[in-house]
Amino acid sequence: MEYQEIAKPSGPYKNVDPNLVDYAASRADFDWWRDAFAKMDWLPGGGLNNAYEAVDRHVDHGHGDKLAMIWVGKNGEEERYTYSDFKERSDRFGAVMKGLGIERGDRVFIFMDRLPELYFAAMGILKAGGVIAPLFSAFGPEPVKDRIEDAEGRFVITSPELKAKISGIFKDLPSVEKIIIVNKNGRSTEPLDDGDLDYDELMANASSDDFTIENTSQYDFSIMHYTSGSTGKPKGVLHRHQAVVQQWLTGHWALDLKFDDIYFCTADPGWVTGTSYGMMAPWTNGVTQIIYEGGFGANAWYDVIDKYKVTVWYTAPTAIRLLMRAGSKPVEEHSLETLRFIGSVGEPLNPEAVVWGNEHYKMPIHDNWWQTETGAIMCANYASMPVRPGSMGRPFPGITMAVIDDNYEPVALGEAGALAVRPGWPSMMYAYWKKDEMYNSRFKKGWYITGDQASLDEDGFFWFQGRADDVINTAGHLVGPFEVESALIEHPAVAEAGVIGKPDPIAMEVVKAFVTLTPDHEPTPQLQRELIRFSRDKLSAGVAPREIDFIDVMPKTRSGKIMRRLLKARELGLPEGDTSTLEDD
Ligand code: PRX
């Protein structure tokens, strides 16, 4: 299996307005990746498939007996799967999907808790040429519907409990042809809804023997994650199979993954960390991964680390702050002696957390930075260098990052500006699904504009300063204020809603809403509670506002846009800044 072709510069920029991108500059960076591309195992005929790289390749190289996954269920169950098991099950699911008529590029939504079947299905879909579209299992019906509708999902894979939570949405989703239900170990005793398909039955009737992996090219679409912006509904970020090159290499260099590692990633595959670093990076590096179905718990997580001898742990600042709050006792009651590397992503990692890690885990926590759009780690504190507490590290080899001003020119060292990256890295998003204009707007004068503010120090370390937009980062999850405002105004008592992120010592920010009421509705504590419940049911507990304030007048610009900046300034008691565009009452 020979490497045949590397990505052509025309590929990554297919959607980009050529006037906005400086091709010559970005091409040089892209060529750097040639060696990494050459190390992939290409399919006969020159194809590249993420699932082959993550699973089958190890079997073909004689490591089929190695453990790929140890699953720890929420009820104490444990299941172990070797790379051969993983190949067999994902081939079988690929055959199931082929049997159902999947075509290349079809979007398959996975709305599931962290069960082994989620991973078999994801790899099977990729092998069959489909695009995985994972959804966070805590979502309520509204976000699930919006995303499936936008992407015109053809298949949905879910569990009985999660299906029950959202069953009302399918009448409005004509694109969905089949729903596959995973009833893990018979946890549900309810019969399937009419027309739904049973995963176990489909798998039993399919054969992995005559399945052949689709010869996807590096340019074929592989995964689509939804991410929030400050305006409009969340947008689908589309990636291609070639992203795997960077996920593999960053797994190795930024997370220090080695073949014998036991790896624990606490992110859910509903978010990009849970796929890029909860599937692709670890398995392409051939490690044994612990999949823990349960949620956060200091003792529970430390138990996992001790019991399974975890060596590399990738988590998030909110979790680390919760662990700090849980204190030294749980740490002292565990050995944690196998741990040798801890990484963190998703929010700023406060320097105190790094210091705490040094004291309690006897090693620093390595912060790194990236986004759904970048598909893989872009800058990091590496195992090979001293950690600079509070910094997100230095760019990954082959990545050019800068802090630029309004004219897209680099600012002076130490000054804050827009964080930007030279386009052309392998895991760069290919598109916002059917939103080309928005996609193009992210590329200016040869830079990809990340939407973050940062500064750069004299040693090349980047420092996060904040977001340039209204997107809320709560516990490492991005929440678009528009999505929350849209849900709130569906309530008859709400006339207008404005949503902001309110600083929080643990979650970094929590969602806070300000609402004006329709006539005949009184601002009572009961209504406050009702609105919180209403938005929780629609969205999810993590996305719904934690606090709601009633206000008499919503501050808006003369063109009618809600001035969230002003709401935030008022909330924090800060100067209101430029209010010249504020609408007169
Ligand atoms: O604002 C930055 C923040 O999270 C955003 C990306 O979120 P998402 O696309 O959901 O991907 C999260 C997982 C990669 C960024 O634009 N962010 C991410 N990492 C860091 C961070 N903020 C500060 N420090 C980080 N290390």
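Preceding this paragraph is the structure being described.
Reading the values: rules and limits
- Residues numbered from 1 in each chain as written.
- Predicted model: local features only at pLDDT ≥ 70, side-chain atom pairs only at ≥ 80, totals over all residues.
- Heavy atoms only, no water.
- Helix = DSSP H or I, 4+ residues; strand = E, 2+ residues; numbered from the N terminus.
- Rg over C-alpha atoms; globule rule 2.2 N^0.38 Å.
- Buried < 20%, exposed > 50% of the residue type's maximum accessible area, 1.4 Å probe, protein only.
- Contact = heavy atoms within 4.5 Å.
- Areas by Shrake-Rupley, 256 points an atom, 1.4 Å probe, with all protein chains shown as cover.
- Lys, Arg positive; Asp, Glu negative; His and termini not counted.
- Charge placed at Lys NZ, Arg CZ, Asp CG, Glu CD.
- Pairing = 2+ DSSP bridges.
- Axes fitted to C-alpha atoms, helices over the stretch in contact; angles between N-to-C directions.
- Disulfide = S-S within 2.5 Å.
- Right-handed = clockwise from strand over helix to strand, strands pointing away.
- 1 Å grid on protein atoms, 1.4 Å probe; cavity = no way out; pocket = protein on both sides within 12 Å on 5 of 7 lines; lining within 4 Å.
- Points joined across faces, edges and corners; volume = space filled by probe spheres on them.
- Nonpolar A, V, L, I, M, F, W, Y, C, P; charged D, E, K, R; others polar.
- Salt bridge = Lys/Arg side-chain N within 4 Å of Asp/Glu carboxyl O.
- Near = heavy atom within 4 Å.
- Polar contact = N/O pair within 3.5 Å; in protein donor to acceptor, adjacent residues only side chain to side chain.
- Arc of directions from axis to C-beta.
- Phe/Tyr/Trp six-rings, centres within 6.5 Å; stacked < 30°, edge-to-face > 60°.

Engineer: It is not clear to me how the overall build of the protein chain should be interpreted in this structure. Could you clarify?
Structural biologist: Each helix and strand counted, the protein chain has 18 helices and 27 strands in total. Its C-alpha atoms give the protein chain a radius of gyration of 24 Å, near enough to 25 Å, the size a compact globule of 585 residues would have. C-alpha atoms of the protein chain, sized along the principal axes, occupy 70 × 60 × 55 Å. Within the protein chain, buried positions represent 59% of all 585 residues. Put simply, of all contacts in the protein chain between residues at least 6 apart along the chain, 69% involve residues at least 24 apart. Split by element, the accessible area of the protein chain, about 22,700 Å² in all, is 50% carbon and sulfur. A gap of 1 Å separates the mean positions of the 60 positive and 87 negative side-chain charges of the protein chain.

Engineer: What exactly am I supposed to notice about the sheet that holds strand β13 (residues 341-344) here?
Structural biologist: In any sheet, the strands associate via hydrogen bonds between backbone groups, in a parallel or an antiparallel arrangement. Strand order in the open sheet formed by 9 strands is β2-β1-β11-β10-β12-β13-β14-β15-β16, and the pairing between neighbours is mixed. Each end of this open sheet is capped by a strand with a single partner; those strands are β2 (78-82) and β16 (394-395). Pairing between strand β10 (residues 262-265) and strand β11 (residues 288-292): 3 bridges, direction parallel. Its bridge partner being in β11, tyrosine 263 is matched across the sheet by glutamine 289. Strands in contact with helix α5 (residues 116-127) are β1 (67-72), β2 and β11; relative to β1, the strand with the most contacts, it is inclined by about 140°.

Engineer: Looking at this model, I keep getting lost on the pairing of β2. Mind explaining?
Structural biologist: A regular strand carries its side chains on alternate faces of the sheet. Alignment of β1 against β2, held across 5 bridges, turns out to be antiparallel. By the bridge assignment, tryptophan 71 is partnered in β2 with glutamate 79. A loop of 5 residues connects β1 with β2, the two strands running antiparallel in sequence, and glycine 76 in this loop sits at a positive phi of about 85°.

Engineer: When you look at the environment of aspartate 210 in this model, what are you seeing that I'm missing?
Structural biologist: As for its position among the elements, aspartate 210 is in the loop between α8 (199-205) and β8 (221-227). Taking the C-alpha atoms as reference, aspartate 210 lies 8.1 Å from alanine 95; in sequence the two are 115 residues apart.

Engineer: Explain unusual backbone geometry here, please?
Structural biologist: A positive phi angle, close to 50°, is found at glutamate 152, a residue other than glycine. The partly exposed category is assigned to glutamate 152, whose relative accessible area is 38%. You will see that alanine 475, though not glycine, has its phi angle at about 50°, which is positive. Note on placement: alanine 475 falls in the loop between β23 (472-474) and β24 (477-479). Note on alanine 475: relative accessible area 32%, which makes it partly exposed.

Engineer: What am I meant to see in the state of the cysteines here?
Structural biologist: By definition, a disulfide links the sulfur atoms of two cysteine residues through a covalent bond. All chains considered together, the criterion is met by 0 disulfides. Cysteine 379 takes part in no disulfide bond, and the closest cysteine sulfur, belonging to cysteine 265, lies 18 Å away. Residue cysteine 379 is classed as buried on the basis of its relative accessible area of 0%.

Engineer: Explanation requested: the pairing of β10 in the structure shown.
Structural biologist: Of the two faces of β10, the one carrying Ile262 and Phe264 and the one carrying Tyr263 and Cys265 are both buried. For the crossover from β10 across helix α10 (residues 272-284) to β11, the handedness is right-handed. Of the pairings in the sheet, the one linking β10 to strand β12 (residues 312-315) comprises 3 bridges and is parallel in character. Counted as the bridge partner of cysteine 265 is tyrosine 314 from β12.

Engineer: Sorry if this is basic, but what is going on with the layout of surface pockets here?
Structural biologist: A water-sized probe rolled over the atoms picks out the places where empty space is left. Of the voids in this model, the second largest pocket is the one considered here, and its volume is about 320 Å³. Forming the boundary of the second largest pocket are 18 residues, of which Arg467, Asp469, Val471, Glu509 and Lys568 lie nearest the centre. Of all the elements in the fold, those that place two or more residues in the lining of the second largest pocket are β22 (462-467), β23, β25 (494-504), β26 (508-517) and α18 (564-572). Sorting elements by how many residues they give to the lining of the second largest pocket places β25 first, with 4 residues. Here the residues of the lining of the second largest pocket are counted per class, giving 8 nonpolar, 3 polar and 7 charged.

Engineer: Would you take a moment to explain the pattern of salt bridges for this structure?
Structural biologist: A pair can form between side chains of opposite charge whenever their charged atoms are brought close. Enumeration according to the criterion identifies 47 salt bridges in this entry. Across the pair glutamate 347 and arginine 321 runs a salt bridge whose closest N-O atoms are separated by 2.6 Å. Within this pair, whereas glutamate 347 is found in the loop between β13 and α14 (351-360), its partner arginine 321 is found in helix α12 (residues 317-326), the two being separated by 26 residues in sequence. This pair shows no difference in class: glutamate 347 is buried, exactly as arginine 321 is.

Engineer: Would you take a moment to explain the side chain of aspartate 56 for this structure?
Structural biologist: Of note, aspartate 56 is situated in helix α3 (residues 50-60). With a relative accessible area of 5%, aspartate 56 lands in the buried category. Those residues in contact with aspartate 56, other than ones at most four positions away along the chain, are Ala51, Lys87, Asp91, Lys127 and Ile213.

Engineer: Please clarify how the site of the ligand should be interpreted in this entry.
Structural biologist: As a structural note, the neighbourhood of the ligand is formed by 18 residues, with Asp367, Asn368, Gln371, Thr372 and Asp452 the closest of them. Measuring from a nitrogen atom of the ligand, one finds a backbone N or O atom of glutamate 347 at 3.2 Å. A distance of 2.9 Å is found between an oxygen atom of the ligand and a side-chain nitrogen or oxygen belonging to aspartate 452. Protein contact buries 97% of the 540 Å² of open area that the ligand shows by itself. Breaking the shell around the ligand down by element, the ones donating at least two residues are α10, β14 (365-369) and β22. Of the residues forming the shell around the ligand, the biggest block, 3 residues, is contributed by β14.

Engineer: Please clarify how helix α11 (residues 298-308) should be interpreted in this entry.
Structural biologist: Because each turn of an α-helix spans 3.6 residues, side chains separated by three or four positions in sequence point in the same direction. For α11, the set of buried residues is Ala298, Trp301, Tyr302, Val304, Ile305 and Tyr308. Down the axis, α11 shows its buried residues gathered within 155° of arc, on one side only.

Engineer: Would you take a moment to explain the packing of aromatic side chains for this structure?
Structural biologist: Geometry of an aromatic ring pair is reported as the spacing of the ring centres plus the angle between the planes. Under the defined criterion, the tally for this structure stands at 26 aromatic pairs. An angle of 80° between the planes, with centres 6.0 Å apart, marks the rings of phenylalanine 264 and tryptophan 301 as edge-to-face. Of this pair, phenylalanine 264 sits in strand β10 while tryptophan 301 sits in helix α11, placing them 37 residues apart in sequence. Tryptophan 301 carries the same exposure label as phenylalanine 264, and that label is buried.

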